[in-house]
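# Breakdown of the fold
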Amino acid sequence: MHTDTNQFSWFQVSEDVKKLLILAAHHWENTSKSEEYIQQALAITGENTDVLVAAYRFFFYKNNYSLALRTTSQLLDKIKESEQFPDEWEQLKPILVDRQEEPPIRLYLNAYAATGLVLAKLGEIERAKEISMRVKEIDSKHDFGAGILLDVLTRPAEEDD
């Protein structure tokens, strides 16, 4: 099978990792095989942000929410460490507000919003609401989808006739 790694030119990873991602895509219908390729790519790259994002998307669309959650947690931890974020939300929020147009901050907010979505899928509604409310407070342009998720999670139940 020919694998054109140029289609992943923005990934700052080795050609071997790009080939693994392409193989995962080519074997999408065979979940166990495609997941094996994703896991190999993760093992080789450690915590490369592009590969973590690709893995999150893979796990989410394969309905493997526990691995999607683990992947977003790794991504958030990586960004938190590299940006030296404080642990407390009240200290972190102004940083995110002030720097929300910067690529690592946008990635953080996307991953945080994705965490809320995955938690909702896992039935952890209160945690999902909390995260959605936090992101929505920062997201004046509605870029991260947290407002939509919060609306869905807080919508009153429809009454049966």
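See the structure above.
The following paragraphs examine the structure supplied in this document. (Residues numbered from 1 in each chain as written. Predicted model: local features only at pLDDT ≥ 70, side-chain atom pairs only at ≥ 80, totals over all residues. Heavy atoms only, no water.)

Tallying secondary structure elements over the protein chain gives eight helices and zero strands in all. Ordered by position from N to C terminus, the α and β elements of the protein chain give α-α-α-α-α-α-α-α. In terms of principal-axis extent, the alpha carbons of the protein chain reach across some 50 × 50 × 25 Å. Buried residues in the protein chain amount to 43% of all 161 residues. Long-range contacts, defined here as pairs at least 24 residues apart, represent 48% of the contacts in the protein chain between residues at least 6 apart. Working note: accessible area of the protein chain is about 9600 Å², and carbon and sulfur atoms make up 47% of it. Distance from the positive charge centre (18 side chains) to the negative charge centre (28 side chains) of the protein chain: 3 Å. (Helix = DSSP H or I, 4+ residues; strand = E, 2+ residues; numbered from the N terminus. Buried < 20%, exposed > 50% of the residue type's maximum accessible area, 1.4 Å probe, protein only. Contact = heavy atoms within 4.5 Å. Areas by Shrake-Rupley, 256 points an atom, 1.4 Å probe, with all protein chains shown as cover. Lys, Arg positive; Asp, Glu negative; His and termini not counted. Charge placed at Lys NZ, Arg CZ, Asp CG, Glu CD.)

Attention now moves to the nonpolar core. Buried together is how nonpolar side chains tend to be arranged in soluble globular proteins. Judged by nonpolar contacts, the single largest core of 47 residues is most densely connected at Ile38, Phe59 and Leu96. Contributing elements (two or more residues each) for this core: helix 1 (15-26), helix 2 (31-45), helix 3 (49-61), helix 4 (65-83), helix 5 (89-99), helix 6 (103-121), helix 7 (125-138) and helix 8 (146-154). Of all the elements, helix 6 adds the most residues to this core, at 10 residues. In contact with Ile38, other than residues within four places in its own chain, are Leu21, Ala24, Ala55, Phe58 and Phe59. (Core = buried A, V, L, I, M, F, W, Y, C linked by side-chain atoms within 4.5 Å.)

One way to put it is that helix 6 packs onto helix 7 with a least axis distance of 8 Å and a crossing angle of 155°. Considering the angle they form, helix 6 stands roughly antiparallel to helix 7. Relative to helix 7, the crossing made by helix 6 is left-handed. Counting all contacts with helix 6, which are made through Leu109, Tyr112, Ala113, Thr115, Gly116, Leu119 and Ala120, the residues of helix 7 involved are Ile125, Arg127, Ala128, Ile131, Arg134, Val135 and Ile138. (Axes fitted to C-alpha atoms, helices over the stretch in contact; angles between N-to-C directions. Parallel < 35°, antiparallel > 145°, perpendicular 65-115°, else oblique. Left-handed = near helix turned anticlockwise from the far one by under 90°.)

All right, on to the side chain of Ser34 then. Along the chain, the position of Ser34 falls in helix 2. Setting aside residues up to four positions removed in sequence, Ser34 forms contacts with Ala24, His27, Trp28, Phe58 and Lys62.

With that out of the way, let us pick up the side chain of Ser132. By the element assignment, Ser132 lies in helix 7. Not counting residues up to four positions away in its chain, the partners in contact with Ser132 are Ala146, Leu149, Leu150 and Leu153.

Moving on, we come to helix 2. With 15 residues, helix 2 extends 21 Å from end C-alpha to end C-alpha; this agrees with the ideal 21 Å at 1.5 Å per step. The complete set of buried residues in helix 2 reads Ser34, Tyr37, Ile38, Ala41, Leu42 and Thr45. Buried residues of helix 2, seen end-on, are gathered within an arc of 135° and therefore sit on one face of the element. Residues of helix 2 that are exposed and angled more than 90 degrees away from the buried face: Ser32, Ala43 and Ile44. Just downstream of helix 2, Gly46 is the residue with a positive phi angle, here 70°. (Expected span 1.5 Å × (residues − 1). Arc of directions from axis to C-beta.)

Scanning all chains against the criterion turns up eight aromatic pairs. Taken together, Tyr56, Phe60, Tyr61 and Tyr65 form an aromatic cluster joined through their ring pairs. Above the ring of Trp28, the side-chain terminus of Lys62 is found at 4.2 Å from the ring centroid. (Phe/Tyr/Trp six-rings, centres within 6.5 Å; stacked < 30°, edge-to-face > 60°. Lys NZ or Arg CZ within 6 Å of the ring centre and 35° of its normal.)

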